[in-house]
Amino acid sequence: MNFSQFLNQSIVCFDGGMGTLLQRQGLAPGEHPERWNLSHPEVITQIHRDYFDAGSHVVTTNTFGANLLKFDACELRRIICAAVANAKNAKEQSKGTQQKFIALDIGPSGKLLKPLGDLDFEDAVALFAQTVRIGAECGVDLILIETMNDSYETKAALLAAKETCDLPVVVTNAYGADGKLMTGATPAAMVAMLEGMGADAIGANCSLGPKQLTPVVRELLANASVPVLLQPNAGLPKVVDGQTVYDVTAEEFAEEVCALVQQGVRMVGGCCGTTPAYIKELLTRIQNIPPVPLTEKNITAVSSYTHAVTFGDAPVLIGERINPTGKKRFKQALLENDLDYILSEGVRQQESGAHILDVNVGLPEIDEVELLKNAVCRLQTVTDLPLQIDTANLTAMEAALRRYNGKAMINSVNGKQESMQAVFPLVKKYGGVVVALTLDENGIPSTADGRFAIAQKILTTAAQYGIDKKDVVFDPLAMTVSADHTAALATLESLRRIRSQLGCHTSLGVSNVSFGLPDRDTVNSIFFAMALEHGLSAAIMNPNGAQMMKTYHTYKALKGLDPNCTDYIAAAQSFACITPAAPTVCAQPKATEDFASELQRAVIKGLKDKAAELTQQLLTQIPALEIVDHDIIPALNTVGLGFEKNKIYLPQLLMSAEAAKSAFEVIKAGLSDGQKTADKGVFVLATVQGDIHDIGKNIVKLLLENYGFTVVDLGKDVPPQVVVDKVVALHAPLVGLSALMTTTVPAMQETVQLLRRQAPWCTSIVGGAVLTQEYADRIGAHYYAKDAMQTVRYAESVIAARK
């Protein structure tokens, strides 16, 4: 029986933690645990065997950090081959009679992907593919991608696995206390992307104990049609007599996980702090619980790097403004490669209430493949709305889909065999909700019967490619009534039948209906209302148009989709009035946010080029330091406060910091010799010895520099004495230490204690996924920062107190 067959029939139990067990066996601070596959194979084999003997069905190889960023190609192959051999030996030696499988364990690279970091997406895919290739050649049964806290890196790893082997792939993410990934993704967003790409199972692991992860698991279960895996920590870590221990007992752990199995979790195991004893206790609790059957959720959803947009009762608004058709200024921007104009259009539509942004950059005179890919990537740095990739160029479509961070909407396919054969394989590979136009080789039928028949044909063909109808949204095509007075009626009837008889969602370019007519806004808005009543799920429209937005908010209020008419009242206040003397709308809806200045808006929205341009203009009118104090720093504070309140997420924080940095560079270039910006002091940063994960450190560095600190970045895998020597040489008042892995926390403790002895004036700040305030206190650190903004706030308070 292979793993997939076993999973379909059973509750599957994985193993537990590896790092803490290796520490007990003598793993030294800063030592790479993966090398123990070669130097201590008997220890690794024994741990695997203990888990098999405890009843685990799956053990994961000791390869969490095995990649080319950490080891050269030759050593990487030796490590992975040895790791798989150790697991196979344990399987043979185990006395357990249960089904046994071996998973190749793949953890995060430790780097942020561009544009937030310096690792290119394709380089990340290649990095993971090399590890997968070796593991598959060695004969593992499945791939486990785990502890991912960034949706983009998760996509790269899953894509690498799917392109490199045909083994089952299980993906688990590390969610924070706010129920989201470090980069902001909700469980629903991750389900949409991962299930769309073909992950065989989805889940949550690490970061928290089972009780804290319960809301995350429930959201996964509510959205996922594939099995859900839960591998929580044994609570939170603390140090007792020099050893790392966790605060949830095996009995408590088993009881809490068992309750979630009863709610539908099909795969269980443990992460940091769990041992074979935890797994044995867990299996005792769940052995008589029948697996909850999997159900198809039938959720039509697209996603960005933060959230999912679900098609349902409330209409979805797709902003149409990023499209050159009929837009002279937009065409000019495309020809001049003026991406900042495109970004501004995206931001403006989000401010006006769009839920999804259509992205079309097709012009004969440009390289659409490169421009569409770049536009999609850059738009995702300034807006967290899902995108609709709109192109007839299949090469451009694939390039954009591959780089897109989330589950995109794809515009479009139609009933022509040529179209379906070209587009459906891309939908299947990359995931997405595809817009299907009801036309075929014979053109657009004039009747609802004809369009309905094409919709049926498209669904039948999609199913042959493994694409469910929930991922097909039909556009029955609005034709102009000035050319055919029955055109609108045919479209409306098509909407009704597709929604009621096929059970599929629909989308429509509403404004086509009024082409050639006067007062088009009135025609469009009334047709929009009629279409909504006939089952329209989403409209491609201009969210800056007051008439259409009024119709949208009025419809929601009248259909009972706006409790207490809250949204309607708020929207009504933002539109200009319509009076008998002025029967047309006299202004566009106001943006939902107010900004003290255009520069503040550019920084807050992450518009890097715009921020530099505005700063250059302001320097001709306002002193440089006044711009810093009145515009740049207040904008950063606004973003920082939003981050602390979980209203914005890491990508937006970083892009705002980059925009501020571009403004600062203009400021510095314009300063005279007698002027300078304030320097708040030296801050030494390092990722501790043995740890190559420098994401957190790099984020802290960027923010500290924007707030006026001189940052000395020592890099990653830094020995304790190197950190101390630099602090002493610079007499630095502040030092920041980062660690992601439990196995590297002892190196952090050693560094902190060395600082206490040799640099007692220096304040130490520690951070990382495995740390808590209690843990920081026990190792002697002055402060635990849960995120980058806390580091900045505390550092400012330390400097202020010393003045």
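Residues numbered from 1 in each chain as written. Predicted model: local features only at pLDDT ≥ 70, side-chain atom pairs only at ≥ 80, totals over all residues. Heavy atoms only, no water.

(A) Fine view of the overall build of the chain. Of the regular secondary structure elements, the chain holds 30 helices and 25 strands. Computed over C-alpha atoms, the radius of gyration of the chain comes to 28 Å, within 12% of the 28 Å expected from 2.2 N^0.38 for 803 residues, which places it in the range of a compact globule. Referenced to the eigenvectors of the C-alpha coordinate spread, the extents of the chain come out at roughly 80 × 75 × 50 Å. For the chain, the proportion of contacts with a sequence separation of at least 24, taken over those separated by at least 6, is 76%. On the chain, roughly 30,200 Å² of surface is accessible, and the fraction owed to carbon and sulfur atoms is 50%. Charged side chains in the chain number 70 positive and 86 negative. The centres of these two groups are separated by 1 Å. (Helix = DSSP H or I, 4+ residues; strand = E, 2+ residues; numbered from the N terminus. Rg over C-alpha atoms; globule rule 2.2 N^0.38 Å. Contact = heavy atoms within 4.5 Å. Areas by Shrake-Rupley, 256 points an atom, 1.4 Å probe, with all protein chains shown as cover. Lys, Arg positive; Asp, Glu negative; His and termini not counted. Charge placed at Lys NZ, Arg CZ, Asp CG, Glu CD.)

(B) Summary view of the nonpolar core. Within the largest apolar cluster, 193 residues are counted, with the highest numbers of intra-cluster contacts made by Ile143, Ile145, Ile286, Val472, Phe474, Ile632 and Leu704. Broken down by element, the residue count for this core peaks at 10 residues, all from helix α25 (residues 650-670). Of all hydrophobic cores here, the second largest spans 27 residues; its members include Ala747, Leu754, Cys762 and Tyr775. (Core = buried A, V, L, I, M, F, W, Y, C linked by side-chain atoms within 4.5 Å. Buried < 20%, exposed > 50% of the residue type's maximum accessible area, 1.4 Å probe, protein only.)

(C) How the structure looks around the packing of aromatic side chains. Counted by the stated rule, this structure contains eight aromatic pairs. Aromatic side chains Phe121 and Tyr152 sit 4.9 Å apart centroid to centroid with 25° between the ring planes, which places their arrangement in the stacked category. A residue pair is termed long-range when its members are at least 10 positions apart, and Phe121 in helix α6 (residues 121-138) and Tyr152 in helix α7 (residues 151-164) qualify at 31 residues. Of the two residues, Phe121 and Tyr152, both sit in the buried class. With a centroid separation of 6.4 Å and 85° between ring planes, the pair formed by Phe683 and Phe709 is classed as edge-to-face. Of this pair, Phe683 sits in strand β21 (residues 681-687) while Phe709 sits in strand β22 (residues 709-713), and the two are 26 residues apart along the sequence. By relative accessible area, which is 0% here, Phe683 ends up buried. What makes Phe709 buried here is its relative accessible area of 4%. A cation sits over an aromatic face here: Arg329 above Tyr341, 4.2 Å from the ring centre. Across the ring face of Phe452, the terminal group of Arg497 is positioned such that the distance to the ring centre comes to 4.3 Å. (Phe/Tyr/Trp six-rings, centres within 6.5 Å; stacked < 30°, edge-to-face > 60°. Lys NZ or Arg CZ within 6 Å of the ring centre and 35° of its normal.)

(D) Fine view of the environment of Ala538. Its place among the elements puts Ala538 in strand β20 (residues 538-541). Taking C-alpha positions, Ala538 is 47 Å from Glu252, a pair spaced 286 residues apart along the chain.

(E) Representation of helix α20 (residues 546-558) within the structure. A rise of 1.5 Å per residue sets the reference length of α20, with its 13 residues, at 18 Å; its end C-alpha atoms lie 18 Å apart and thus fit the reference within 8%. Here α20 has its buried residues at Ala546, Gln547, Met548, Met549, Thr551, Tyr552, His553, Tyr555 and Lys556. The elements touched by buried residues of α20 are β13 (316-322), α13 (339-352), α19 (520-533), β20 and α21 (566-574). Gly560 sits one or two residues past α20 and shows a positive phi near 75°. (Expected span 1.5 Å × (residues − 1).)

(F) Region of the structure containing the confidence of the model for the chain. Within the chain, residue pLDDT values average 93, and 96% of them lie at 70 or more. With pLDDT under 50 throughout, residues 576-592 is counted as low confidence; its partners more than four residues away or in other chains account for 22 contacts. (pLDDT = per-residue confidence, 0-100.)

(G) Geometry of the environment of Asn2. Mapped onto the elements, Asn2 comes out in the segment before α1 (3-9). In this structure, the C-alpha to C-alpha distance between Asn2 and Arg757, residues 755 residues apart in sequence, is 56 Å. Of note is the side chain of Asn2, whose polar atom sits 3.2 Å from the backbone nitrogen of Ser4. At 2.8 Å, the side chain of Asn2 forms a polar contact with the backbone nitrogen of Gln5. (Polar contact = N/O pair within 3.5 Å; in protein donor to acceptor, adjacent residues only side chain to side chain.)

(H) Local environment of the sheet that holds β21. The sheet built from five strands is open, its strands ordered β22-β21-β23-β24-β25 with parallel pairing. Of all the strands in the sheet, the pair left with one neighbour each is β22 and β25 (783-784). The strands that helix α27 (residues 720-730) touches are β21, β22 and β23 (734-738); relative to β21, the one it contacts most, it runs at about 175°. With respect to the sheet, helix α28 (residues 745-758) is in contact with β23 and β24 (763-767), its orientation differing from that of β23 by roughly 165°. (Pairing = 2+ DSSP bridges. Axes fitted to C-alpha atoms, helices over the stretch in contact; angles between N-to-C directions.)

(I) Up close: empty space enclosed by the protein. This model, assessed by the stated rule, comprises one cavity of 30 Å³ or more. The wall of the largest cavity is formed by 16 residues, among which Pro115, Leu116, Tyr152, Gln380 and Asn405 lie closest to the centre. Broken down by secondary-structure element, the contributors of at least two residues to the lining of the largest cavity are α7 and α14 (368-382). Of the residues that constitute the lining of the largest cavity, the class distribution is eight nonpolar, five polar and three charged. (1 Å grid on protein atoms, 1.4 Å probe; cavity = no way out; pocket = protein on both sides within 12 Å on 5 of 7 lines; lining within 4 Å. Points joined across faces, edges and corners; volume = space filled by probe spheres on them. Nonpolar A, V, L, I, M, F, W, Y, C, P; charged D, E, K, R; others polar.)

(J) The pairing of strand β7 (residues 228-231), seen in detail. Residues Val228 and Leu230 line one face of β7 and the alternating positions Leu229 and Gln231 line the opposite face, and both faces are buried. Sheet analysis places strand β6 (residues 201-205) next to β7, joined by four bridges and oriented parallel. Bridge pairing in β7 places Ile202 opposite Val228. The parallel pair β6 and β7, bridged by helix α9 (residues 210-223), forms a crossover whose chirality is right-handed. Of the strand pairs in this sheet, β7 and strand β10 (residues 267-268) are connected by two bridges, and their pairing is parallel. Within β10, the position partnered with Leu230 by the bridge is Val268. (Right-handed = clockwise from strand over helix to strand, strands pointing away.)

(K) Region of the structure containing a negative patch on the surface. On the surface, Asp247, Glu251, Glu252 and Glu255 cluster together into a negatively charged patch. As for its position among the elements, Glu255 is in helix α10 (residues 250-262). (Patch = residues over 30% accessible without salt bridge, like charges linked within 9 Å, V, L, I, M, F, W, Y side chains within 5 Å. Salt bridge = Lys/Arg side-chain N within 4 Å of Asp/Glu carboxyl O.)

(L) Examining the pattern of salt bridges more closely. Considering all chains together, one arrives at 30 salt bridges under this definition. Between Asp118 and Lys111 there is a salt bridge, and its shortest N-O distance comes to 3.6 Å. For Lys111, a relative accessible area of 12% translates into the label buried. We note a salt bridge from Arg285 to Glu281, for which the minimum N-O separation is 3.1 Å. Here Arg285 pairs with Glu281, and both are found in helix α11 (residues 276-286), just four residues apart, close to one helical turn. One continuous salt-bridge network, built from bridges that share partners, spans Glu122, Glu163, Arg402 and Lys429.

(M) Geometry of the sheet that holds strand β16 (residues 409-414). Pairing is parallel in the closed barrel, where eight strands are placed in the order β13-β14-β15-β16-β17-β18-β19-β20. Sheet twist, expressed as the mean angle between neighbouring strand axes with direction ignored, is 30°. Sheet topology places strand β17 (residues 433-437) next to strand β18 (residues 472-475); four bridges connect them, and they run parallel. Considered in β18, the bridge of Leu437 is made with Asp475. The strands touched by α14 within the sheet are β13, β14 (356-359) and β15 (387-390), with β15 carrying the most contacts at an inclination of about 170°. Contacting β16, β17 and β18, helix α17 (residues 448-464) crosses the sheet at an angle of about 160° to β18.

(N) Geometry of the packing of α7 against helix α8 (residues 187-197). Interhelical geometry of α7 versus α8 gives an angle of 15° and a closest axis separation of 10 Å. Here α7 lies roughly parallel to α8, going by the angle between them. Once α7 is placed against α8, the crossing between them reads as right-handed. Along the contact surface, α7 presents Ser151, Thr154, Lys155, Leu158, Leu159 and Lys162, while α8 presents Met190, Met193, Leu194 and Met197. Taken together, the residues of the contact of α7 with α8 break down into six nonpolar, two polar and two charged. (Parallel < 35°, antiparallel > 145°, perpendicular 65-115°, else oblique. Left-handed = near helix turned anticlockwise from the far one by under 90°.)

(O) Inspection of the environment of Lys786 at higher detail. Within the fold, Lys786 resides in the loop between β25 and α30 (788-802). Relative accessible area serves as the criterion here: at 51%, Lys786 is assigned to the exposed category. Note: C-alpha distance between Lys786 and Gly767 (19 residues apart in sequence) is 6.1 Å. At 2.9 Å, the side chain of Lys786 and the side chain of Asp787 are in polar contact.

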